Amino acid sequence: MTFLLVLLCQSAICNLQSEISLGDSLLKHGFNHEAAREFRSSLYHSDSGSLTAGLIRMKLGLSLGADNDLPTAAEELRTAGRLEPGLSEPAQTALAGFYARRRRYDLAEFELSDLLVFTRDSTRRATLNSAIGWLRLQKGDIASAAKSYELAGRPEVASTIGATKEGPRRSPTTAAVLSSFIPGSGEIYAGHTVTGLLGFAITAGSLAGAVWAAKADDWVSASIIVSTLFWRFYNGSRSNAVAFAEEFNAGSRHRRVVEISNRVVEPDWFREADSLTGYSLRPDTVSVENDKVEKGK
Amino acid sequence: MLVRTALLVFWLAGACVARYDPLSVCGDWMIGGYKLVLSPLQGQNLCNFSPTCSQFTKAAIRTQGFLPGVLIGADRLMRCNTFAWSYYDTYYTGPVIDGRMPDRVENHIAWRSRTDEPGLVVAAQSERLGTRSETSDVSVMSRRLPASTAPAPPGPSLSFADFLYSSGEYSQAAAEYLRVRFTVGSPMLSGYAGLMAGESYLRAEDFSGARRAFMDLRTTPVLEFSRYGVGRTLFAEAEYPEARAALDSVVSAPLAQQARALAGWTLFKQHRFADGASVLSTLQSALPAQHLATMDGRDIRRRSRLASSLLSAIVPGAGQLYSGRAGDGAYSFLTVVGTGLVTWWYAADLPHRDRTGVKVSIFGVITALFYAGNVYGANVAARDYNLFQERRYVQRADSLFNLLPLEPDYRSLLDSVSPVPDTGKWKVESGND
């Protein structure tokens, strides 16, 4: 997959042009915006150029992706694939690499799955499946990641994934039900002890105060205490319990992903794409933001 | 007794104006404590405004003093209800932040005007800056020479700049136009390229770049165009007095009318409708301009702030209803009347009368605060209603102004230039293609 990327572009460059163009040098040295301008300029003057329009568009797409303008880059890379069918695979791979770099693992996985549909060669399918497995792992979708690795012919990774235990889980429904009966207990169940105790104190205290007022036959005070204090904090305790349980599950899933990533030695499928673009497409190490990004989407 | 009352009055007066008086600091601590302890226990995302009600009250106390701050906060508590979402984009304008509507303290101070400025019009304007097809057709100099065998490094090319402009790459087009401007010999062509660079910067919303590009043309033959360009840039940046100053310096015939019309638009944007209408009435008649000359702001519906406050003083919530916010009025009515009823209940000579007076005083103070906050809020609501009506008026004027031909006609610059590329004259083209 990535070898193809390099091979195609290098052969195109070497056969058709004896020198490295200005745009390629700019891209290699990291001047992405200027490289994009140069490629656009050579696109405009393309009837005199030695590179085909598809290849220029692809390089334009690569420089735009490096410049973090992903929507335009996607458009250019797809156009390149349409203009020259041979370039569609490297273009889609590069696009997937850019998405992965921006931690949009869902989009990257989509691009590679799309590519998988049209790929016949078994070695290429294996590398694609391996990359898809890695992306699914980063997304937190561990079960389908294991399946992808098995399809890729890497059962040892799948068994490594299977060997890691699923972390502790807190059910949001249980937390909600617990909190409905004893306010604050659901929050303690989901891991936030102090909040749970405080919630219990306030809810129980307000209820006690209301009962005391009712016993003194002061129903007005009792109803005010119940309708303002008790009602608000009782509902708040329940919704907090659900939120904390979901947060607990996300954290445990994330920890499992980190553990698997540390144990799985992943071939550097970004390296070839890096050498083409001249800069690192490698995403940063897995960090806490992943799950937050995923939840926020 | 008299001395104690006087001290109390002085203390309250000081509380109103000082910012670090003990009351304000205590208020800060109390709200801070609430935020740390009680707020997390009530669940997340309860307030539908962006500085949440507690943050809002804290900021109000900090900036306006304790008593005004508490009143502003009380008004906010009554406004923070489900009907607030129906007032989005009329009274609460701005982007939704994190699922909450924006509502800052500065917009609710009755004795000052709001800080949110009329929105920039570049987006609307760039539809009409749309001499897209015109200017890209105007590159009459571009002739593609047959391809040479070795690809030469492309020099600055006006036709390439036009291509970039028409394909929407405005920042790159600006750079290319600037390259053409400083390499070409003819002053007219150089001026055209400089103006198009300014246009591209304007479209790319790089206003400082646009101003630089336009102001750099002051010593060239395209002086009038450059002044007009500066005026348009300042208009797009919403700096209306400066835009007017720049536009008033445009005096030559084809652009003077457009400059007057744009100056009139700046007056409309600043809500000075009478002045704007009078400026437009001096223009030669184009149909939209004639209608605009009649829009002098007298036909805007307004609400009296005093009447709104008085209504709310008599019936809580009536002022908000008068100012177009029925939902807020209903909530205010329920809050004030509810707390008032509770106070009355405790104070009345009934079997469960509060004999120690604690509950009466607590709820009495709460009722008084909400009542005063409601009257204050009615005043601000009337002001917001008037602002909203004026904004709608400005939008109507905008739609008429968009029909006026306010874009400069750069084509006329090139009419003086020979359309046939001469290799001696147009050295910009010789290295290309």
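Caption draft 1: Spatial organisation of the overall build of chain A. Across its full length, chain A holds 16 helices and zero strands. Going through the 297 residues of chain A one by one, you find that 43% of them count as buried. Counted over contacts in chain A with a minimum sequence separation of 6, partners at least 24 positions apart contribute 57%.

Caption draft 2: Representation of the environment of B:Val342. Within the element layout of this structure, B:Val342 appears in helix H18 (residues 326–347). Residue B:Val342 is classed as buried on the basis of its 21 C-beta neighbours within 10 Å. Along the backbone, B:Val342 and B:Val360 are 18 residues apart, and their C-alpha atoms lie at a distance of 8.4 Å. Apart from the residues within four sequence positions on either side, B:Val342 is in contact with A:Val220, A:Ile224 and B:Phe363.

Caption draft 3: Spatial organisation of the nonpolar core. Residues and elements named next belong to chain B. Core analysis: the largest hydrophobic core is formed by 99 residues, its most contacted members being Ala-161, Tyr-177 and Ala-193. In contact with Ala-161, not counting residues within four places along its chain, are Ala-173, Glu-176, Tyr-177, Val-180 and Met-196. By size, the runner-up hydrophobic cluster in this structure holds 25 residues, among which are Phe-66, Tyr-331, Tyr-376 and Ala-381.

Caption draft 4: Structural view of unusual backbone geometry. Positive phi, close to 70 degrees, is recorded for A:Asn68, a residue that is not glycine. Relative to the helices and strands, A:Asn68 resides in the loop between helix H4 (53–66) and helix H5 (70–83). Residue classification places A:Asn68 among the exposed residues on the basis of 12 C-beta atoms within 10 Å. In this structure, B:Asp89 is a non-glycine residue whose phi angle is positive, near 75 degrees. As for its position among the elements, B:Asp89 is in the loop between helix H4 (66–79) and helix H5 (122–128).

Caption draft 5: The arrangement of helix H13 (residues 193–215) of chain A in detail. Residue and element names in this part refer to chain A. Here H13 is 23 residues long and its end C-alpha atoms lie 32 Å apart, about the 33 Å a rise of 1.5 Å per residue gives. Every buried residue belonging to H13 is among Thr-195, Gly-196, Gly-199, Phe-200, Ile-202, Thr-203, Ser-206 and Ala-210, and all of these are buried. Contact partners of the buried residues in H13: helix H12 (185–189) and helix H14 (219–263). Two residues or fewer after H13 comes Asp-217, characterised by a positive phi angle close to 70 degrees.

Caption draft 6: Representation of the packing of helix H11 (residues 172–181) of chain A against H14(A) within the structure. All names here are of chain A. Packing of H11 against H14 leaves a shortest axis separation of 8 Å and a crossing angle of 155 degrees. Judged by the inter-axis angle, H11 sits roughly antiparallel to H14. For the pair H11 and H14, the crossing hand works out as right-handed. Packed against H11, whose contacting residues are Pro-172, Ala-175, Ala-176, Leu-178, Ser-179 and Ser-180, the element H14 presents Ser-237, Arg-238, Ala-241, Val-242, Ala-245 and Glu-246 at the interface. Its residues assigned to classes, the contact of H11 with H14 comprises seven nonpolar, three polar and two charged.

Caption draft 7: Broad picture of the packing of helix H6 (residues 88–101) of chain A against helix H7 (residues 105–117) of chain A. All names here are of chain A. Running from N to C, H6 and H7 cross one another at 165 degrees; their axes reach a closest spacing of 7 Å. For the element pair H6 / H7, the angle class is roughly antiparallel. Seen from above, H6 lies across H7 with left-handed handedness. The segment H6 lies against H7, with Glu-89, Gln-92, Thr-93, Leu-95, Ala-96, Tyr-99 and Ala-100 engaging Tyr-105, Leu-107, Ala-108, Glu-111, Leu-112, Asp-114 and Leu-115. Here the residues of the contact of H6 with H7 are counted per class, giving nine nonpolar, two polar and three charged.

Caption draft 8: Inspection of the environment of A:Leu27 at higher detail. Residue and element names in this part refer to chain A. As for its placement among the helices and strands, Leu-27 is situated in helix H2 (residues 22–28). Residue classification places Leu-27 among the buried residues on the basis of 26 C-beta atoms within 10 Å. Measuring from C-alpha to C-alpha, the distance between Leu-27 and Ala-216 comes to 81 Å, with 189 residues separating the pair along the chain.

Caption draft 9: Summary view of the confidence of the model for chain A. Residues and elements named next belong to chain A. Confidence in the prediction for chain A averages 80 pLDDT; 80% of positions are at 70 or higher. Predicted confidence for residues 1–19 stays below pLDDT 50, and this span has 31 contacts to residues more than four positions away or in other chains. Contacts of residues 281–297 to residues separated by more than four positions or lying in other chains number 26 contacts, the stretch itself having pLDDT below 50.

Caption draft 10: Just helix H9 (residues 187–203) of chain B, in detail. The end-to-end C-alpha separation of H9(B) is 24 Å, in line with the 24 Å expected for 17 residues at 1.5 Å each. Most of H9(B) sits out of view: 15 of its 17 residues are buried.

Caption draft 11: Inspection of the confidence of the model for chain B at higher detail. Residue and element names in this part refer to chain B. The predicted model of chain B has a mean per-residue pLDDT of 82, with 83% of residues at 70 or higher. The low-confidence segment residues 117–153 (pLDDT under 50) makes 56 contacts with residues lying over four places distant or belonging to another chain. pLDDT under 50 marks residues 420–433. Its contacts with residues more than four places away, or in other chains, come to 26 contacts. For this predicted complex, the interface score ipTM comes out at 0.70, while the overall pTM is 0.74.

Caption draft 12: Highlighting the environment of B:Gln44. Examined against the element boundaries, B:Gln44 turns out to sit in the loop between helix H2 (22–38) and helix H3 (53–64). Along the backbone, B:Gln44 and B:Thr266 are 222 residues apart, and their C-alpha atoms lie at a distance of 44 Å.

Parameters and conventions
- Residues numbered from 1 in each chain as written.
- Chains lettered and ligands numbered in written order.
- Predicted model: local features only at pLDDT ≥ 70, side-chain atom pairs only at ≥ 80, totals over all residues.
- Helix = DSSP H or I, 4+ residues; strand = E, 2+ residues; numbered from the N terminus.
- Buried ≥ 20, exposed ≤ 12 C-beta atoms within 10 Å, placed from the backbone.
- Contact = placed C-beta atoms within 7 Å.
- Core = buried A, V, L, I, M, F, W, Y, C linked by C-beta atoms within 7 Å.
- Expected span 1.5 Å × (residues − 1).
- Axes fitted to C-alpha atoms, helices over the stretch in contact; angles between N-to-C directions.
- Parallel < 35°, antiparallel > 145°, perpendicular 65-115°, else oblique.
- Left-handed = near helix turned anticlockwise from the far one by under 90°.
- Nonpolar A, V, L, I, M, F, W, Y, C, P; charged D, E, K, R; others polar.
- pLDDT = per-residue confidence, 0-100.

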